[in-house]
Amino acid sequence: MIRVILPTHLRRLANTERQVQVPVNAPVTIRTVLDSLENTYPMLKGTIRDQNTLQRRAFVRFFACGQDLSHVPTDDPLPDSVANGSEPLWVVGAMAGG
Amino acid sequence: MNGVRVLVGTRKGAFILTSDEKRKRWKVSEPIFPGWEIYHFSGSPVDPNRLYVSQSSGWFGQLIQRSDDGGKTWQTMGNKFAYEGIPGTHQWYDGTQHPWEFKRVWQLKPSLTDPDTVYAGVEDAALFRSSDGGQSWQELAELRKVKSELWQPGAGGMCLHTILLDPQDANRIIVAISAAGAFRSDDGGESWRPINNGLKSQYELPDPDAEVGHCVHNLAMHPSKPNVLFMQKHWDVMRSDNGGDSWDEVSGNLPSDFGFPIAVHAHEPNTIYVVPIKSDSEHYPPEGKLRVYRSRSGGQEWEALTRGLPQKNCYVNVLRTALAVDALDPCGIYFGTTGGQVYASADSGDSWKDIVRDLPSVMSVEVQTLP
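Visitor: For this particular structure, what's the right way to read the overall build of chain B?
Guide: Each helix and strand in chain B was counted, giving zero helices and 30 strands. Here the C-alpha atoms of chain B give a radius of gyration of 19 Å, agreeing with the 21 Å that 2.2 N^0.38 yields for 371 residues. Principal axes of the C-alpha set define a box for chain B whose edges measure 50 × 45 × 40 Å. Split into buried and exposed, the 371 residues of chain B put 53% on the buried side. Taking contacts inside chain B between residues at least 6 apart in sequence as the whole, the part at least 24 apart equals 51%.

In C-alpha cells form, the structure reads like this:
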C-alpha cells in the first residue's frame, strides 16, 4: 500500500484521515498513485490534476523524502521508500498569497 | 417549515440563513464547505430540498455539491466540464486569440420542472446541462458558435454568469456573458442568437452598437411576463419588451447607472430593483451611501430605498448574483455585500435590516420560499 498525505481541504472533501493508503501495482509513479487515489476517492477527481489533460493543478505540489517532485515526469518511478510504503507521498497546497 | 431559506455563497464558504414567514428572527448556519469559494448556491424550484453548490478554489479547482435534504448532508457530484469538440479561441486582453480554458462555474440554474436537470454557466464562457442531478455535464455547444471569436474577458473573467429559463416556454433559454452580451435560444439550446440590439457601449467598444462584445452584468425576468427582460449592463439599466429582440435604456434618474445585480418584485412585474455603484473603477456606492433603487414603473423613475441601510462611510460592492427576492407577501428583498453583510427587507424594500454582518465577502444570494 502506498501512503498519501492529503491537505486539509481534500481530506475534508474525501471525509478521511490526513493520511490514506491506496493500492498501487508497479510501477509506482505519481500517475499510478493518483489513478488509485482517485479510484478510491472519486470526489478527488479534478482537484489534484485536470481531468482532461491530467496536468497537475498549478497550486498543487508533490513532496516525498524531503524532495519536491512536482516537476518530475509523472511516469517516473517514485523513490523506493514511497514504493515500499515506508515514506508517504505528500499532496500539498502550494504557498500562494501575500 | 414555513418561511424562507436564504442561500449565501461567500469567498470562504456557504451559509444558510433561515427564518419563519415573519422574517424577523434569523438563524445563521455554520460555514458549509469552509475555506472554498462559493460562486453560486441555488435550490430547485420543484424540490426545495434539492440544493446545488458551485464550490471552487484556486488550489483545487471546481467541484459541484448536491444536497437532497435541504443542506443537512451533501454529496460531491461530477465536475468534468469538457467543451465539445475542439474548444477554439476567443479574443484575449491584448487582442490576440486565446484558447478556451475551463476555469469555474459561475451559475447553477436548476430546471423549473425537473429537479435532476440543472444548467451551469461557466468561465471560459459556455453553457452546460446535466440531466442526472449533476453527475455528468454536456455542453450546449452551439452557443459558442455565435461570433465567439469576438467575445472577450471582462475584468472578472469571461464568464457565463446569468441563466434565465422561461416558465411559459420550456424551449426558451436566455444567458448573459461578460463580455459578450446576451443570447437567446428558442429551441432548448440547440441554436442561439445574440440579443443585444439597442445596447450601447461607447466607452468599451469601438463600435458602440456591436452585435456582440457588450458587458452585460445581469438579467432579470418576472415569471408572469417572460417577454419583458431587465438588464443591468456595465453602464446603463435596460429593458426589453420583446424577449430581448431590442432594448431601451431605463436608467432615468439613477445616481449612477453602473452596477451589477437587478431583480424583479415577486408579485409586481413592473417593480424592479438595482444597487447603483459609483463607476467601473470605483466599485462602491455613490457618496458612500448604500442605497437600493426601486422603480415601480419598469424603469426610468427610481426611488432610493435607504431605511436601515448605512448612509455614510459605506464602500462595499454588491455582486451580480447577490440580490434576490422571496415569494411571500409582502415580497422580501435580500442582498449581500462584499463586506460580508446580508440585508433583508420584509416590506418590498421600504425598510432593511441586516440578517448577519460579518460573513466573508458575499458572492451570491438566492432565496427559497418554503411551503
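Moving on from the model shown.
Visitor: What is the right way to look at the overall build of chain A in this model?
Guide: Looking only at helices and strands, chain A has three helices and five strands in total. The C-alpha radius of gyration of chain A comes to 12 Å, within 12% of the 13 Å expected for a compact globule of 98 residues. Summarising its shape, the C-alpha atoms of chain A cover approximately 35 × 25 × 25 Å along the three principal directions. Counting across all 98 residues of chain A, residues that qualify as buried make up 28%. Contacts spanning at least 24 positions in sequence make up 54% of the contacts within chain A whose residues lie at least 6 apart.

Visitor: Can you help me understand the environment of B:S251 in this one?
Guide: All names here are of chain B. Tracing the sequence through the fold places S251 in the loop between β21 (248-249) and β22 (258-264). The spacing of S251 and E303 is 52 residues in sequence and 12 Å in space, taken between C-alpha atoms. Ignoring anything within four residues of it in the chain, the contact list for S251 reads D236, V237 and D257.

Visitor: Which parts of the structure should I look at to understand the environment of B:N270?
Guide: Residues and elements named next belong to chain B. Turning to its location among the elements, N270 is positioned in the loop between β22 and β23 (272-277). Classification of N270 as partly exposed rests on a count of 16 C-beta atoms within 10 Å. Non-local contacts of N270, meaning those with residues more than four positions away in its chain, are made with R296, S297 and G298.

Visitor: Sorry if this is basic, but what is going on with unusual backbone geometry here?
Guide: Glycine aside, residues mostly have negative phi, and peptide bonds are mostly found in the trans state. All names here are of chain B. In this chain, E123 is followed by D124 through a cis amide linkage whose omega measures -5 degrees. Going from D329 to P330, the amide bond is cis rather than trans, its omega being 0 degrees. For P330, the position within the fold is in the loop between β26 (323-325) and β27 (333-336). Of note, the phi angle at D236 is positive, near 90 degrees, even though the residue is not glycine. Secondary-structure assignment places D236 in the loop between β19 (225-233) and β20 (237-240). Classification of D236 as buried rests on a count of 23 C-beta atoms within 10 Å.

Rules used throughout
Residues numbered from 1 in each chain as written. Chains lettered and ligands numbered in written order. Predicted model: local features only at pLDDT ≥ 70, side-chain atom pairs only at ≥ 80, totals over all residues. Helix = DSSP H or I, 4+ residues; strand = E, 2+ residues; numbered from the N terminus. Rg over C-alpha atoms; globule rule 2.2 N^0.38 Å. Buried ≥ 20, exposed ≤ 12 C-beta atoms within 10 Å, placed from the backbone. Contact = placed C-beta atoms within 7 Å.

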